[in-house]
Amino acid sequence: ELYYQDVFPDVDEVEVVNIKAQGNQWNWTYTYTDVIVDDYPMEFVSNPIHRGFEGEPDGTFEAPRNLAVDLPLVVPVDTVVRVQTAASDVIHSFAVPAFGVKVDAVPGRLNELWFRVEETGTYFGQCSELCGKDHAFMPIEIHVVSQSDYEAWLERAQGSVLDAREFLASLSEGAQPVQLASAQ
């Protein structure tokens with residue numbers, strides 16, 4: 001099993017979602033490298049949500065503390081997602097335990113991982129490298145949605161990531177709350 005995590009699957013390149021995740025002190029910049037808007041790849045900065053701050057998105061008080069972000073990463077279900085990591089300042093680490101992935105984001109170096117998620121839902125991770133005083137506040141939030149919802153989100157995100165966030169929130173209305181851990 002571990003061997004296959006390092007070997008990229010044999011799939012047609014057009015079926016792969018390519019994302020660059022750049023660690024910054026203390027947020028992530030996501031670039032959808034295959035989505036070109038005005039001659040540049042689509043890119044946005046994902047900041048942690050701090051409850052009680054003015055201007056935070058709707059639903060902030062229901063969001064998991066220190067795990068939710070203002071602009072989450074969105075990927076389609078049952079699709080190979082390639083994530084290339086880098087850093088702008090110090091060493092960070094892109095880790096999502098539910099996917100079994102963790103790779104360092106190093107300044108001046110491009111590292112790579114891949115995953116394929118078979119269930120829609122909201123998944124969380126964090127920077128798992130001690131990267132400075134606000135290391136504990138570098139969450140990763142990933143929404144895995146159906147292919148049609150991903151395409152609709154992507155269309156909106158190319159115009160405005162804030163409109164895309166509202167669309168994503170509308171998909172979550174009435175959904176089951178996110179279960180972070182379970183004890184039997």
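The shown structure was predicted, so the numbers you read here are calculated from the model rather than taken from an experiment. (Residues numbered from 1 in each chain as written. Predicted model: local features only at pLDDT ≥ 70, side-chain atom pairs only at ≥ 80, totals over all residues. Heavy atoms only, no water.)

Q: When you look at the overall build of the protein chain in this model, what are you seeing that I'm missing?
A: Assigned secondary structure in the protein chain consists of 3 helices and 10 strands. Taken from the N to the C terminus, the helices and strands of the protein chain come in the order α-β-β-β-β-β-β-β-β-β-β-α-α. For the protein chain, with 184 residues in total, the buried portion stands at 42%. Residue pairs in contact within the protein chain that sit at least 24 positions apart in sequence constitute 61% of those at least 6 positions apart. (Helix = DSSP H or I, 4+ residues; strand = E, 2+ residues; numbered from the N terminus. Buried < 20%, exposed > 50% of the residue type's maximum accessible area, 1.4 Å probe, protein only. Contact = heavy atoms within 4.5 Å.)

Q: How do you make sense of the packing of helix α2 (residues 147-159) against helix α3 (residues 161-172) when you look at a structure like this?
A: When two helices pack together, their arrangement is captured by the angle between the axes and the distance separating the axes. For the pair α2 and α3, interaxial distance at closest approach is 6 Å and the crossing angle is 155 degrees. Put simply, α2 runs roughly antiparallel to α3. On α3, the residues that touch D149, A152, W153, R156, A157 and G159 of α2 are V161, D163, A164, F167, L168 and L171. Residue composition of the contact of α2 with α3, grouped by class: 8 nonpolar, 1 polar and 3 charged. (Axes fitted to C-alpha atoms, helices over the stretch in contact; angles between N-to-C directions. Parallel < 35°, antiparallel > 145°, perpendicular 65-115°, else oblique. Nonpolar A, V, L, I, M, F, W, Y, C, P; charged D, E, K, R; others polar.)

Q: Help me out: how do you make sense of the pattern of salt bridges in this one?
A: Pairs can form between side chains of opposite charge once their charged atoms are near each other. All chains considered together, the criterion is met by 3 salt bridges. The partner of R82 in a salt bridge is E112, with the nearest N and O atoms 3.6 Å apart. You can see R82 sitting in strand β5 (residues 80-87) and its partner E112 sitting in strand β8 (residues 111-116), a full 30 residues away along the chain. For R82, a relative accessible area of 13% gives the class buried. By relative accessible area, E112 is classed as partly exposed at 45%. Its salt-bridge partner being D134, residue K133 comes within 3.0 Å of it at the nearest N-O pair. (Salt bridge = Lys/Arg side-chain N within 4 Å of Asp/Glu carboxyl O.)

Q: Help me out: how do you make sense of unusual backbone geometry in this one?
A: Most peptide bonds take the trans configuration, and most residues that are not glycine carry a negative phi. The residue after Q25, namely W26, is reached through a cis peptide bond having omega 5 degrees. The backbone of D39 sits at a positive phi, close to 70 degrees, despite the residue not being glycine. Mapped onto the secondary structure, D39 falls in the loop between β2 (27-37) and β3 (40-46). If you check the backbone angles, D78 has positive phi at about 55 degrees while not being a glycine.

Q: Help me understand the side chain of S93 in this model?
A: Within the element layout of this structure, S93 appears in strand β6 (residues 92-96). In this structure S93 comes out as buried when scored by relative accessible area, which is 0%. What S93 contacts, discounting residues up to four positions off in sequence, is W28, K102, V103, D104, A105, Q126, C127, S128 and E129.

Q: Explain the packing of aromatic side chains to me, please; I cannot follow it from the model alone.
A: The description of two aromatic rings rests on the distance between their centres and on the angle between their planes. Applying the stated criterion across every chain, the model contains 9 aromatic pairs. Relative to F94, the ring of W28 has its centre 5.5 Å away and its plane inclined at 90 degrees; by these criteria the two rings are edge-to-face. Of this pair, W28 sits in strand β2 while F94 sits in strand β6, and the two are 66 residues apart along the sequence. By relative accessible area, W28 is classed as buried at 0%. Note on Y32 and W153: the rings are 5.6 Å apart at their centroids and 50 degrees apart in plane angle, and the pair reads as tilted. Within this pair, whereas Y32 is found in strand β2, its partner W153 is found in helix α2, the two being separated by 121 residues in sequence. Of the residues examined, Y32 reaches a relative accessible area of 1% and is grouped as buried. On the basis of relative accessibility, which here comes to 4%, the residue W153 falls in the buried class. (Phe/Tyr/Trp six-rings, centres within 6.5 Å; stacked < 30°, edge-to-face > 60°.)

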